[in-house]
Amino acid sequence: MSKWPFVIAAIGAGALIALQPGMNAEVARRLGNPFAAAFISILVAFLVALSYVIATRQPISWTAMSTVPWYLWLAGSIGTVFVAATLWLAPILGAAGLFAAIVAGQMIMAMTIDWFGFGPYQSQGLDPLRLLAVGLVLAGVVLFQRSA
């Protein structure tokens, strides 16, 4: 099976994510409070997820939930930090500069995760092409910031 439909779906998801910081920053501007904007964004995400679970009758194993290690619950806080950070940084860096830096951070962490085989990922070696790819992304960050 070809991976390209999944790559295209990931690109689409990334395109949607590019809209979020600007929208959240505008909510923060209108409310005069960035943390209130982050709260509203996360509350809406919760309500959408809850609505989906209810509408599609997704099973939730409350027993299995109690076996999840404490550190895995921190994943939700990563989303909160991301939303709060991007709504603060979006007006300063601009959309392209912000996402060039975000992608650079994602690539560095993803390459590290692949290298160590963290969580569900199998270990992948570091090779010159992967390092070059991250270097090119970092060069893009520098170019976006120099042009601003």
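Residues numbered from 1 in each chain as written. Predicted model: local features only at pLDDT ≥ 70, side-chain atom pairs only at ≥ 80, totals over all residues. Heavy atoms only, no water.

Observations concerning the overall build of the protein chain
Next, step 1: Secondary structure summary: the protein chain contains five helices and zero strands in total.
Next, step 2: Tracing the protein chain from N to C terminus, the helices and strands come up as α-α-α-α-α.
Next, step 3: Projecting the C-alpha coordinates of the protein chain onto the three principal axes gives extents of approximately 45 × 45 × 30 Å.
Next, step 4: Burial status across the protein chain gives 14% buried among its 148 residues.
Next, step 5: Taking as baseline every contact in the protein chain between residues at least 6 positions apart, the subset at least 24 positions apart corresponds to 56%.
Next, step 6: Carbon and sulfur atoms make up 75% of the accessible area of the protein chain, which totals about 11100 Å². (Helix = DSSP H or I, 4+ residues; strand = E, 2+ residues; numbered from the N terminus. Buried < 20%, exposed > 50% of the residue type's maximum accessible area, 1.4 Å probe, protein only. Contact = heavy atoms within 4.5 Å. Areas by Shrake-Rupley, 256 points an atom, 1.4 Å probe, with all protein chains shown as cover.)

Thoughts on the packing of helix α1 (residues 4-31) against helix α4 (residues 75-116)
Next, step 1: At a closest axis distance of 8 Å, the pairing of α1 and α4 adopts a crossing angle of 115°. Relative to α4, α1 is oriented roughly perpendicular. Here α1 and α4 pass one another in a crossing that is left-handed. Mapping the contact onto sequence places Ile17, Ala18, Gln20, Pro21, Gly22, Asn24, Ala25 and Ala28 in α1 and Phe82, Val83, Thr86, Leu87, Ala90, Pro91, Leu98 and Phe99 in α4.
Next, step 2: Class assignment of the residues belonging to the contact of α1 with α4 gives a composition of twelve nonpolar, four polar and no charged. (Axes fitted to C-alpha atoms, helices over the stretch in contact; angles between N-to-C directions. Parallel < 35°, antiparallel > 145°, perpendicular 65-115°, else oblique. Left-handed = near helix turned anticlockwise from the far one by under 90°. Nonpolar A, V, L, I, M, F, W, Y, C, P; charged D, E, K, R; others polar.)

A word on the layout of surface pockets
Next, step 1: Approximately 300 Å³ is the volume found for the largest pocket.
Next, step 2: Every residue lining the largest pocket is listed: Ile78, Phe82, Ala101, Ile102, Gly105, Gln106 and Met109.
Next, step 3: Size it by volume and the second largest pocket reaches roughly 160 Å³.
Next, step 4: If you trace the second largest pocket, you find it lined by Gln20, Asn24, Ile40, Ser41, Ile42, Val44, Ala45 and Val83.
Next, step 5: Counting residues per element, the ones that place at least two in the lining of the second largest pocket are α1 and α2 (34-55).
Next, step 6: Examining the composition of the lining of the second largest pocket, we find that five residues originate from one element, α2, more than from any other.
Next, step 7: In terms of residue class, the lining of the second largest pocket is made up of five nonpolar, three polar and no charged. (1 Å grid on protein atoms, 1.4 Å probe; cavity = no way out; pocket = protein on both sides within 12 Å on 5 of 7 lines; lining within 4 Å. Points joined across faces, edges and corners; volume = space filled by probe spheres on them.)

Concerning the confidence of the model for the protein chain
Next, step 1: The pLDDT averaged across the protein chain works out to 91; a share of 99% of its residues lies at or above 70.
Next, step 2: Here α1 stands out as the element of the protein chain with the lowest mean pLDDT, 90, in contrast to α2, whose mean of 94 is the highest. (pLDDT = per-residue confidence, 0-100.)

Topic: the side chain of Ser41
Next, step 1: Looking at the element boundaries, Ser41 is found in helix α2.
Next, step 2: Owing to a relative accessible area of 13%, Ser41 belongs among the buried residues under this scheme.
Next, step 3: The contact partners of Ser41, leaving out residues within four places of it in the chain, are Gln20, Asn24 and Val83.

A word on unusual backbone geometry
The bulk of non-glycine residues show a negative phi, and the bulk of peptide bonds are trans.
Next, step 1: Positioned with a positive phi, Arg57 is a non-glycine residue whose angle comes to about 55°.
Next, step 2: Residue position: Arg57 is located in the loop between α2 and α3 (62-65).

So, the packing of aromatic side chains
Next, step 1: As enumerated under the stated definition, the model contains two aromatic pairs in all.
Next, step 2: Plain terms: the ring middles of Trp70 and Tyr71 are 5.9 Å apart, the flat faces sit at 90° to each other, and that makes the pair edge-to-face.
Next, step 3: By relative accessible area, which is 45% here, Tyr71 ends up partly exposed.
Next, step 4: Summarising the aromatic geometry, the rings of Trp115 and Phe116 are spaced 4.9 Å apart at their centres and angled 40° between planes, so their arrangement reads as tilted.
Next, step 5: Its relative accessible area of 58% is what places Phe116 among the exposed residues. (Phe/Tyr/Trp six-rings, centres within 6.5 Å; stacked < 30°, edge-to-face > 60°.)

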